[in-house]
Amino acid sequence: MLQGFCEYDRKGGSHCLKELDDCTDGINGGDSRMVLQYLRAVVKMEFFKPDYLLLNCGLHDSKRPGGQLQVPLDEYQQNLEAVIHLMQTQNISLIWGRTTSVNPDTPQMSGEEIRQRQSDIDACNA
(Lines give C-alpha, C1' and ligand atoms only; values in the text may rest on other atoms or scores of the structure.)
Protein backbone atom coordinates (compact mmCIF):
# COMPACT_ATOMS: atom_id res chain seq x y z
CA MET A 1 0.00 0.00 0.00
CA LEU A 2 2.97 2.31 0.45
CA GLN A 3 4.61 1.55 -2.90
CA GLY A 4 5.44 4.78 -4.69
CA PHE A 5 4.73 6.78 -1.54
CA CYS A 6 7.64 5.84 0.68
CA GLU A 7 10.50 3.41 1.10
CA TYR A 8 10.37 0.89 3.91
CA ASP A 9 13.19 -0.95 5.64
CA ARG A 10 13.57 -2.85 8.86
CA LYS A 11 16.28 -4.26 11.03
CA GLY A 12 17.81 -7.08 9.05
CA GLY A 13 16.25 -5.74 5.85
CA SER A 14 18.73 -4.18 3.41
CA HIS A 15 21.46 -4.20 6.04
CA CYS A 16 22.65 -6.38 8.88
CA LEU A 17 24.68 -5.60 12.00
CA LYS A 18 25.76 -9.06 13.01
CA GLU A 19 27.39 -7.95 16.26
CA LEU A 20 24.05 -6.45 17.35
CA ASP A 21 21.71 -9.19 16.12
CA ASP A 22 20.08 -11.77 18.31
CA CYS A 23 19.12 -15.35 17.51
CA THR A 24 16.40 -14.16 15.09
CA ASP A 25 18.85 -13.49 12.24
CA GLY A 26 18.55 -9.78 12.76
CA ILE A 27 14.88 -9.31 11.93
CA ASN A 28 13.73 -8.98 15.51
CA GLY A 29 14.51 -6.02 17.72
CA GLY A 30 14.48 -8.10 20.89
CA ASP A 31 13.91 -6.41 24.22
CA SER A 32 14.20 -2.66 24.81
CA ARG A 33 17.86 -3.01 25.87
CA MET A 34 18.69 -4.53 22.48
CA VAL A 35 16.61 -1.94 20.61
CA LEU A 36 18.39 0.92 22.35
CA GLN A 37 21.81 -0.64 21.77
CA TYR A 38 20.99 -1.18 18.08
CA LEU A 39 19.67 2.35 17.56
CA ARG A 40 22.67 3.92 19.30
CA ALA A 41 24.92 2.10 16.83
CA VAL A 42 22.86 2.53 13.69
CA VAL A 43 22.29 6.32 13.99
CA LYS A 44 26.02 6.70 13.35
CA MET A 45 25.81 4.87 10.02
CA GLU A 46 25.39 6.55 6.67
CA PHE A 47 22.50 4.36 5.48
CA PHE A 48 20.30 5.18 8.48
CA LYS A 49 18.52 8.39 7.51
CA PRO A 50 14.81 7.74 8.07
CA ASP A 51 12.16 10.41 8.37
CA TYR A 52 10.15 8.14 10.66
CA LEU A 53 10.90 5.23 12.95
CA LEU A 54 8.07 2.84 13.76
CA LEU A 55 8.83 1.29 17.14
CA ASN A 56 7.20 -1.59 18.96
CA CYS A 57 8.81 -2.85 22.17
CA GLY A 58 7.75 -4.71 25.26
CA LEU A 59 6.87 -8.27 24.30
CA HIS A 60 10.43 -9.52 24.85
CA ASP A 61 10.86 -7.30 27.91
CA SER A 62 7.87 -9.03 29.51
CA LYS A 63 9.35 -12.53 29.31
CA ARG A 64 9.84 -14.07 32.74
CA PRO A 65 12.97 -16.22 32.75
CA GLY A 66 13.36 -17.46 36.30
CA GLY A 67 10.05 -15.83 37.24
CA GLN A 68 11.30 -12.21 37.01
CA LEU A 69 10.68 -9.78 34.17
CA GLN A 70 13.46 -9.91 31.59
CA VAL A 71 13.57 -6.09 31.74
CA PRO A 72 12.01 -4.52 34.85
CA LEU A 73 9.33 -1.91 34.12
CA ASP A 74 11.39 1.02 35.40
CA GLU A 75 14.29 0.06 33.11
CA TYR A 76 11.84 -0.51 30.22
CA GLN A 77 10.56 3.05 30.68
CA GLN A 78 14.12 4.44 30.87
CA ASN A 79 15.06 2.57 27.68
CA LEU A 80 12.05 4.00 25.83
CA GLU A 81 12.82 7.50 27.08
CA ALA A 82 16.40 7.08 25.84
CA VAL A 83 15.11 5.98 22.42
CA ILE A 84 12.81 9.02 22.29
CA HIS A 85 15.69 11.34 23.18
CA LEU A 86 17.99 9.70 20.62
CA MET A 87 15.41 10.07 17.86
CA GLN A 88 14.84 13.72 18.82
CA THR A 89 18.57 14.45 18.54
CA GLN A 90 18.50 12.94 15.04
CA ASN A 91 15.30 14.76 13.96
CA ILE A 92 13.61 11.41 13.34
CA SER A 93 9.87 11.31 14.04
CA LEU A 94 8.93 8.37 16.22
CA ILE A 95 5.74 6.37 15.68
CA TRP A 96 4.86 4.13 18.62
CA GLY A 97 3.08 0.81 18.18
CA ARG A 98 1.55 -0.57 21.38
CA THR A 99 3.17 -3.69 22.76
CA THR A 100 1.89 -6.84 21.09
CA SER A 101 -0.69 -8.75 23.11
CA VAL A 102 0.09 -12.20 24.41
CA ASN A 103 -1.46 -14.96 22.31
CA PRO A 104 -2.63 -17.55 24.85
CA ASP A 105 -2.59 -20.27 22.17
CA THR A 106 1.11 -19.86 21.35
CA PRO A 107 3.24 -22.63 22.85
CA GLN A 108 5.78 -21.32 25.35
CA MET A 109 9.49 -21.85 24.88
CA SER A 110 10.79 -25.13 26.24
CA GLY A 111 13.18 -25.36 29.15
CA GLU A 112 13.34 -22.47 31.57
CA GLU A 113 9.96 -20.87 32.27
CA ILE A 114 9.57 -17.79 30.06
CA ARG A 115 5.79 -17.45 30.17
CA GLN A 116 4.46 -13.99 29.44
CA ARG A 117 1.45 -12.49 31.16
CA GLN A 118 -1.06 -10.12 29.65
CA SER A 119 -0.90 -8.07 32.85
CA ASP A 120 2.80 -7.39 32.15
CA ILE A 121 1.97 -6.33 28.59
CA ASP A 122 -0.73 -4.02 29.96
CA ALA A 123 1.85 -2.52 32.36
CA CYS A 124 4.27 -1.94 29.44
CA ASN A 125 1.52 -0.21 27.47
CA ALA A 126 0.62 1.96 30.45
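Residues numbered from 1 in each chain as written. Predicted model: local features only at pLDDT ≥ 70, side-chain atom pairs only at ≥ 80, totals over all residues. Heavy atoms only, no water.

Engineer: What should I look at first to understand the layout of surface pockets in this one?
Structural biologist: Once rolled over the atoms, a probe with the size of a water molecule shows which space is left empty. Approximately 1200 Å³ is the volume found for the largest pocket. Residue lining of the largest pocket: 33 residues in total, with Y8, D9, R10, L53 and L54 positioned closest to the centre. Put simply, the parts of the chain that give the lining of the largest pocket at least two residues each are α1 (32–42) and β1 (52–55). Per element, the largest residue contribution to the lining of the largest pocket is four residues, and it comes from β1. When its residues are assigned to classes, the lining of the largest pocket shows 18 nonpolar, nine polar and six charged. (1 Å grid on protein atoms, 1.4 Å probe; cavity = no way out; pocket = protein on both sides within 12 Å on 5 of 7 lines; lining within 4 Å. Points joined across faces, edges and corners; volume = space filled by probe spheres on them. Helix = DSSP H or I, 4+ residues; strand = E, 2+ residues; numbered from the N terminus. Nonpolar A, V, L, I, M, F, W, Y, C, P; charged D, E, K, R; others polar.)

Engineer: Quick question: what am I supposed to make of the pattern of salt bridges here?
Structural biologist: It is possible for side chains of opposite charge to pair when their charged atoms get near one another. Summed over the entire model, instances satisfying the criterion amount to two salt bridges. Note that E75 and R33 form a salt bridge whose closest N and O atoms lie 2.6 Å from each other. Residue E75 is located in helix α2 (residues 73–89), and its partner R33 is located in helix α1; the two are separated by 42 residues in the primary sequence. A salt bridge links D120 to R64, with the shortest nitrogen-to-oxygen separation between them at 2.7 Å. Taken together, the positions of D120 in helix α3 (residues 118–125) and R64 in the loop between β1 and α2 put the pair 56 residues apart, joining distant regions of the chain. (Salt bridge = Lys/Arg side-chain N within 4 Å of Asp/Glu carboxyl O.)

Engineer: Sorry, what's going on with unusual backbone geometry here?
Structural biologist: Keep in mind that most residues, glycine aside, have a negative phi and that most peptide bonds are trans. Here N91, not a glycine, exhibits a phi torsion of approximately 55 degrees, which is positive. Tracing the backbone shows N91 in the loop between α2 and β2 (93–96). Overall, the relative accessible area of 70% leaves N91 in the exposed class. (Buried < 20%, exposed > 50% of the residue type's maximum accessible area, 1.4 Å probe, protein only.)

Engineer: What exactly am I supposed to notice about α2 here?
Structural biologist: Given a rise of 1.5 Å per residue, 17 residues ought to cover 24 Å, and the 24 Å separating the end C-alpha atoms of α2 matches this to within 8%. Those residues of α2 hidden inside the fold are in contact with α1, β1, β2 and α3. Immediately downstream of α2, the backbone of N91 shows phi near 55 degrees, a positive value. (Expected span 1.5 Å × (residues − 1). Contact = heavy atoms within 4.5 Å.)

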